[in-house]
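Analysis of the macromolecular model
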There are 2 protein chains.
Amino acid sequence: MSITVVGSVAYDSIETPSGRRDRCLGGAATYFSLAASFFTDVRVIAVVGEDFGPEQEAVFGARNIDTRGVERAAGKCFCWEGSYLENLNEARTHNTELNVFAAFEPKIPVAYRDSQFLFLANIDPVLQRRVREAMPDVKLVAGDTMNYWIDGHRPALLQVLKGLDILLINDGEARMLANDKNLVRAASAVMGMGPRALVVKHGEYGATLFSGASDGAASKTFRAPAMPLEEVVDPTGAGDSFAGGFFGYLASQPQLTPEAFRRAMFYGSVMGSFAVERFGTERLQLLSRQEVDNRFNAFRELTHLD
Amino acid sequence: MSITVVGSVAYDSIETPSGRRDRCLGGAATYFSLAASFFTDVRVIAVVGEDFGPEQEAVFGARNIDTRGVERAAGKCFCWEGSYLENLNEARTHNTELNVFAAFEPKIPVAYRDSQFLFLANIDPVLQRRVREAMPDVKLVAGDTMNYWIDGHRPALLQVLKGLDILLINDGEARMLANDKNLVRAASAVMGMGPRALVVKHGEYGATLFSGASDGAASKTFRAPAMPLEEVVDPTGAGDSFAGGFFGYLASQPQLTPEAFRRAMFYGSVMGSFAVERFGTERLQLLSRQEVDNRFNAFRELTHLD
């Protein structure tokens, strides 16, 4: 079943120990939809500026991603500039230009309205909520957020959380949102805010799925490992790619069984691990489904007991 | 088969967000031998002072741990005082008194000489090497170390590494030892220093086993998860308990197959997770083998795909 995703399409300028790239195609919706497109049909809602051309459009087209909901506005694309020179696990932001995103009013094409899966990528919670309310009949809604919204836009974010089935965030964000350093207690508190399930991403250590806190943590917790990688070229988009693999796999399944969720966690980890192998979206653009499945099997083997 | 372990037996004074304990029984050899005793016979080489009495002796006796190699010396036991108030993942040391450990000369009882497994817990590498050389015929030697020795006693430590089959350290120590921030490359460099295998402990995220770097990282890497815990009362001894579970399980196996190593990683994770549930060795003292196996199954389930 198809996924509609709302989020940013952007240009990123990135510096890592492996080098530097200026103005490569990025944004949460871009990484998410590329990763999810290996599993199901994806439709994007975003806004771009006049500097978004046929070359960028072709990146989506090559993966059959529906961009009819990507609005062209006067002005420039959202821009982000950051580095990971000290620590590959945390970006240092040097500059953010909202540009066309400053006045973004998401519009949902009629052709998107039969999407059963909705992903609210990391953007202003006011926009997330608007899209959520415009698509009340979806089967499953997941979303992401970040410390900026948790810290400074909490009331709007809490409204979004009430409408989510699954929230995907990282360790620090989960602890910040719940104001509790212990991850299990934090997960329980976050699920009390609305989401039925919480995926906490641990970067190079994988991710944990928490769900149904009421009857014991052990039986309702699942941990997917990440493959230790010899070289992380660019961590940008790893979390969005995880979300795309996770949610894309779920959307491809006939039934949302606990086993489907477990496999989705592994596919999320797999897509995150590919994303970081090259700058920007380069690796996801070159990827094949066969490579995805081969790595899924390698991840399974990585932590499998007979 | 039996394990001989050399390391510290100490008194720890510990403060964590859960409270404070003064002078509880601790030390790497204590945690290691308690954890390993659930799997095999354990023999300890250490030194204690006149303040080590029948009550402490009984902790070892209750688990049938052989303490004939624990020398009684004039003076006081090794003492450590530390806290985990800011960060449960990293101890802040307030005070260390070597006391009887300052002049420790390990002596190996004749009755220990048929041990096939030797564990060199975290002590001065000069002492580790002496014990290693006094037991040249053991089947498998593993060891631990810490940043203090990596940073300030590198030549002596490098000598020890040459005589190890398996080194168990944490993330930061592996990166420091190899002077490489990337864990996969660091692991490869550390294995170049002697050990055939390296276990890197990730605290709450589990641990990774690296081995045989020559033919591809994927096929030679194994990751055991840790169970997310609702409450970590006292992290002291988690790493030593991991080592005890890991090495104890290996010593109990008829053959050291790759599958035995994988299960050993899970048992290490299990023993580490119990250790942190109460202050000091309290939880390990109360533990049953049935509880160990139940948690092993829960850990397996935590990350298992059908």
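Quick note: structure is the one above.
Keep in mind that what you see is a predicted model, and the values were worked out from it rather than measured.

1. Regarding the overall build of chain A
Per the secondary structure count, chain A includes eleven helices and 13 strands. Taken over C-alpha atoms, the radius of gyration comes to 18 Å for chain A, in line with the 19 Å a tight globule of 306 residues would show. In terms of overall dimensions, chain A has a C-alpha envelope of 55 × 40 × 35 Å along the principal axes. Out of the 306 residues in chain A, the part that is buried amounts to 58%. Pairs at least 24 apart in sequence give 63% of the contacts found in chain A among residues at least 6 apart. In the form shown here, chain A has an accessible surface area of approximately 12100 Å², with 48% of it arising from carbon and sulfur atoms. Mean positive and mean negative side-chain charge positions of chain A (31 and 38 charges, respectively) differ by 5 Å.

2. Regarding unusual backbone geometry
Positive phi outside glycine occurs at N179 of chain A, with the angle close to 55 degrees. One can find N179 of chain A in the loop between α6 (171-178) and α7 (183-191).

3. Observations regarding the pattern of salt bridges
Going through the model one piece at a time under the given rule, you end up with 44 salt bridges over all chains. One salt bridge connects D22 of chain B with R20 of chain B, and the closest N-O pair in it is separated by 2.8 Å. By relative accessible area, which is 37% here, R20 of chain B ends up partly exposed. Among the charged side chains, a salt-bridge network with shared partners connects E15, R20, D22 and E81 of chain A.

4. So, the pairing of strand β4 (residues 42-48) of chain B
All names here are of chain B. Counting buried positions along β4 gives seven out of seven residues, so the element sits mostly inside the fold. The side-chain alternation of β4 yields two buried faces, one formed by V42, V44, A46 and V48 and the other by R43, I45 and V47. With four bridges connecting them, strand β1 (residues 3-6) and β4 associate as parallel partners. By the bridge assignment for β4, V6 is matched with I45. As defined by bridge partners, β4 adjoins strand β5 (residues 66-72) across five bridges and the pair is classed as parallel. Paired with I45 across the two strands is G69, which belongs to β5. Handedness of the crossover joining β4 and β5 through helix α2 (residues 54-61) is recorded here as right-handed.

5. A word on the packing of helix α9 (residues 258-275) of chain A against helix α11 (residues 289-302) of chain A
All names here are of chain A. Closest axis-to-axis distance for the α9/α11 pair is 9 Å, and the angle between their directions is 115 degrees. Taken as axis vectors, α9 and α11 run roughly perpendicular relative to one another. The chirality of how α9 crosses α11 is right-handed. Of α11, the residues touching α9 (which contributes R263, F266, Y267, S269, V270, M271, S273 and F274) are R289, E291, V292, D293, R295, F296, F299 and R300.

6. Quick word on the relation of the copies chain B and chain A
Between chain B and chain A, the superposition needs a rotation of 180 degrees and an axial shift of 0.0 Å, giving an RMSD of 0.0 Å. One copy is carried onto the other by what is essentially a two-fold rotation axis. When you check the interface residues of chain B against chain A, 100% turn up at the interface there too, and the contact is symmetric in its surfaces.

7. Quick word on helix α5 (residues 154-162) of chain A
Spacing of three or four residues puts side chains on the same side of an α-helix, whose turn is 3.6 residues. All names here are of chain A. Residues L157, V160 and L161 constitute the buried set of α5. One side of α5 holds all its buried residues, which, seen down the axis, span an arc of 100 degrees. Of the residues in α5, the exposed ones pointing more than 90 degrees away from the buried face are P155 and K162. The inward-facing, buried residues of α5 abut β8 (117-120), α3 (125-134), α4 (147-152), β10 (166-170) and α6.

8. Focus on the packing of aromatic side chains
Aromatic ring pairs are reported here in terms of the distance separating the ring centres and the angle at which the planes meet. A complete count under the given rule lists 33 aromatic pairs over all chains for this structure. Between Y267 of chain A and F296 of chain A the ring centres are 4.3 Å apart and the planes differ by 15 degrees, which places this aromatic pair in the stacked class. Here Y267 of chain A, found in helix α9, pairs with F296 of chain A, found in helix α11; they are 29 residues apart in sequence, far enough to count as distant. Of the two residues, Y267 of chain A and F296 of chain A, neither departs from the other in class, the shared state being buried. Note on Y148 of chain B and W149 of chain B: the rings are 4.7 Å apart at their centroids and 80 degrees apart in plane angle, and the pair reads as edge-to-face. By relative accessible area, W149 of chain B is classed as buried at 12%. Pairwise contacts between aromatic rings join F39, F222, Y249, F266, Y267 and F296 of chain A into one cluster. Directly above the aromatic system of Y11 of chain A lies the positively charged group of R23 of chain A, at a separation of 4.1 Å from the ring centroid. The ring of F274 of chain B has R295 of chain B sitting right over it, with the charged end atom 3.8 Å from the ring centre.

9. Notes on the sheet that holds strand β5 (residues 66-72) of chain A
Residues and elements named next belong to chain A. Strand order in the open sheet formed by nine strands is β5-β4-β1-β8-β9-β10-β11-β12-β13, with mixed pairing between adjacent strands. Only two strands of the sheet have a single neighbouring strand rather than two, namely β5 and β13 (221-224). The average angle at which neighbouring strand axes cross in this sheet is 15 degrees, direction not considered.

10. What about the side chain of D240 of chain A?
Residue and element names in this part refer to chain A. Summarising the element assignment, D240 is placed in helix α8 (residues 238-251). Despite its burial, D240 pairs with no opposite charge, the nearest such side chain being K201 at 5.7 Å. Ignoring anything within four residues of it in the chain, the contact list for D240 reads A28, Y31, F32 and D144.

So, how was this worked out
Residues numbered from 1 in each chain as written. Chains lettered and ligands numbered in written order. Predicted model: local features only at pLDDT ≥ 70, side-chain atom pairs only at ≥ 80, totals over all residues. Heavy atoms only, no water. Helix = DSSP H or I, 4+ residues; strand = E, 2+ residues; numbered from the N terminus. Rg over C-alpha atoms; globule rule 2.2 N^0.38 Å. Buried < 20%, exposed > 50% of the residue type's maximum accessible area, 1.4 Å probe, protein only. Contact = heavy atoms within 4.5 Å. Areas by Shrake-Rupley, 256 points an atom, 1.4 Å probe, with all protein chains shown as cover. Lys, Arg positive; Asp, Glu negative; His and termini not counted. Charge placed at Lys NZ, Arg CZ, Asp CG, Glu CD. Salt bridge = Lys/Arg side-chain N within 4 Å of Asp/Glu carboxyl O. Pairing = 2+ DSSP bridges. Right-handed = clockwise from strand over helix to strand, strands pointing away. Axes fitted to C-alpha atoms, helices over the stretch in contact; angles between N-to-C directions. Parallel < 35°, antiparallel > 145°, perpendicular 65-115°, else oblique. Left-handed = near helix turned anticlockwise from the far one by under 90°. Least-squares fit on C-alpha atoms with pLDDT ≥ 70 in both. Arc of directions from axis to C-beta. Phe/Tyr/Trp six-rings, centres within 6.5 Å; stacked < 30°, edge-to-face > 60°. Lys NZ or Arg CZ within 6 Å of the ring centre and 35° of its normal.

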